[in-house]
Amino acid sequence: NAGVTQTPKFQVLKTGQSMTLQCAQDMNHEYMSWYRQDPGMGLRLIHYSVGAGITDQGEVPNGYNVSRSTTEDFPLRLLSAAPSQTSVYFCASGGRGNSPLHFGNGTRLTVT
Amino acid sequence: AQTVTQSQPEMSVQEAETVTLSCTYDTSESDYYLFWYKQPPSRQMILVIRQEAYKQQNATENRFSVNFQKAAKSFSLKISDSQLGDAAMYFCAYRSPIQGAQKLVFGQGTRLTINP
């Protein structure tokens, strides 16, 4: 069972570059989300989706775009990377009701 | 908006002893879910235990148990018989009962060290 798969595991970008963090889940979950983890601040919600074609902003959406064309995939795009976006990024998916979120293994992004 | 506070950035315990990690939260909702996640050095986020606010009974999972005080908005995690593999960051998280949107609000985390 693959669960939630994130790629890449590590990435280094220069300021101003763009990139897409990939996230795929094989559990047919309707809900998917992106978090960033910074030291001393826990995980903060960037964007989320409650189904294909539906996305919404979380707590820290600025500088990030998302789309949800299929149930399985929920990519996160950085259009013009900034040093403040250096962080560890987690994708998570969840089913209905009070079922727990399933997390990917994270992507460590460094912007120089 | 809901907030979650973990006031202990670091904790340490001797192997085989018991340790309690603190978590408080702020909400105006009467029904919600609370979680503890463990993050070992591998960076995986692992669900340790969860509690539904409408349940008065404290959740228990093997060596892990919670002390849920709804009126005090407190949700502490007790780890009994600590093992070296328990060393990790622990995050407390809150979730509203809104259907379909499993948005979690996390605390800042507590780094737990186990001394052999």
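Now for a quick tour of the structure. It should be emphasised that the depicted structure is a prediction, and the values quoted were computed from it without experimental measurement. (Residues numbered from 1 in each chain as written. Chains lettered and ligands numbered in written order. Predicted model: local features only at pLDDT ≥ 70, side-chain atom pairs only at ≥ 80, totals over all residues. Heavy atoms only, no water.)

1. Digging into the packing of aromatic side chains
Part 1 of the reasoning: Counted by the stated rule, this structure contains 15 aromatic pairs over all chains.
Part 2 of the reasoning: Pairing F35 of chain B with Y37 of chain B gives two aromatic rings, centres 6.2 Å apart and planes at 35°, and the pair type is tilted. Taken individually, F35 of chain B and Y37 of chain B each receive the classification buried, so the pair is uniform in this respect.
Part 3 of the reasoning: Residues W36 of chain B and F75 of chain B carry aromatic rings whose centres are separated by 6.3 Å and whose planes lie at 25° to one another, so their mutual orientation is stacked. In this pair, W36 of chain B is assigned in strand 5 (residues 33-39) and F75 of chain B in strand 9 (residues 74-79), connecting sequence segments 39 residues apart. F75 of chain B matches W36 of chain B in its accessibility class, with the two residues each being buried.
Part 4 of the reasoning: The positively charged end of R68 of chain A is found above the aromatic ring belonging to F74 of chain A, 6.0 Å away from the centroid. (Phe/Tyr/Trp six-rings, centres within 6.5 Å; stacked < 30°, edge-to-face > 60°. Buried < 20%, exposed > 50% of the residue type's maximum accessible area, 1.4 Å probe, protein only. Helix = DSSP H or I, 4+ residues; strand = E, 2+ residues; numbered from the N terminus. Lys NZ or Arg CZ within 6 Å of the ring centre and 35° of its normal.)

2. Here's the deal with the environment of H102 of chain A
All names here are of chain A.
Part 1 of the reasoning: Mapped onto the elements, H102 comes out in strand 10 (residues 102-103).
Part 2 of the reasoning: Separated by 73 residues in sequence, H102 and H29 have C-alpha atoms that sit 9.7 Å apart.
Part 3 of the reasoning: If near-sequence neighbours (up to four positions away) are discounted, H102 is found in contact with V4, M27, H29, C91, A92 and S93. (Contact = heavy atoms within 4.5 Å.)

3. Details of the sheet that holds strand 8 (residues 76-78) of chain A
Residues and elements named next belong to chain A.
Part 1 of the reasoning: In spatial order, the strands read 1-3-8-7; together these four strands make up an open sheet with antiparallel pairing. Every interior strand has two partners, whereas the edge strands, strand 1 (4-7) and strand 7 (64-66), have only one. Direction aside, neighbouring strands of the sheet carry axes that sit 20° apart on average.
Part 2 of the reasoning: Across three bridges, strand 7 lies against strand 8 in antiparallel orientation. Paired with V66 across the bridge in strand 8 is L76. (Pairing = 2+ DSSP bridges. Axes fitted to C-alpha atoms, helices over the stretch in contact; angles between N-to-C directions.)

4. Side note on the state of the cysteines
Joining two cysteines, a disulfide is a covalent bond between their sulfur atoms.
Part 1 of the reasoning: Taken as a whole, this structure holds two disulfides over all chains when the rule is applied.
Part 2 of the reasoning: The disulfide partner of C23 of chain A is C91 of chain A, and the gap between their sulfur atoms is 1.8 Å. One quick way to see it: the torsion about the S-S bond of C23 of chain A and C91 of chain A is about -70°, and its sign makes the bridge left-handed. Of this pair, C23 of chain A sits in strand 3 (residues 19-25) while C91 of chain A is found in strand 9 (residues 87-94), placing the two residues 68 residues apart along the sequence.
Part 3 of the reasoning: Residue classification places C91 of chain A among the buried positions, given a relative accessible area of 0%.
Part 4 of the reasoning: Disulfide partner of C23 of chain B: C92 of chain B, at an S-S distance of 2.0 Å. Between C23 of chain B and C92 of chain B the sulfur-sulfur dihedral comes to about -70°; the bridge is accordingly left-handed. Taken together, the positions of C23 of chain B in the loop between strand 3 (19-21) and strand 4 (24-26) and C92 of chain B in strand 10 (residues 88-95) put the pair 69 residues apart, joining distant regions of the chain. C92 of chain B matches C23 of chain B in its accessibility class, with the two residues each being buried. (Disulfide = S-S within 2.5 Å.)

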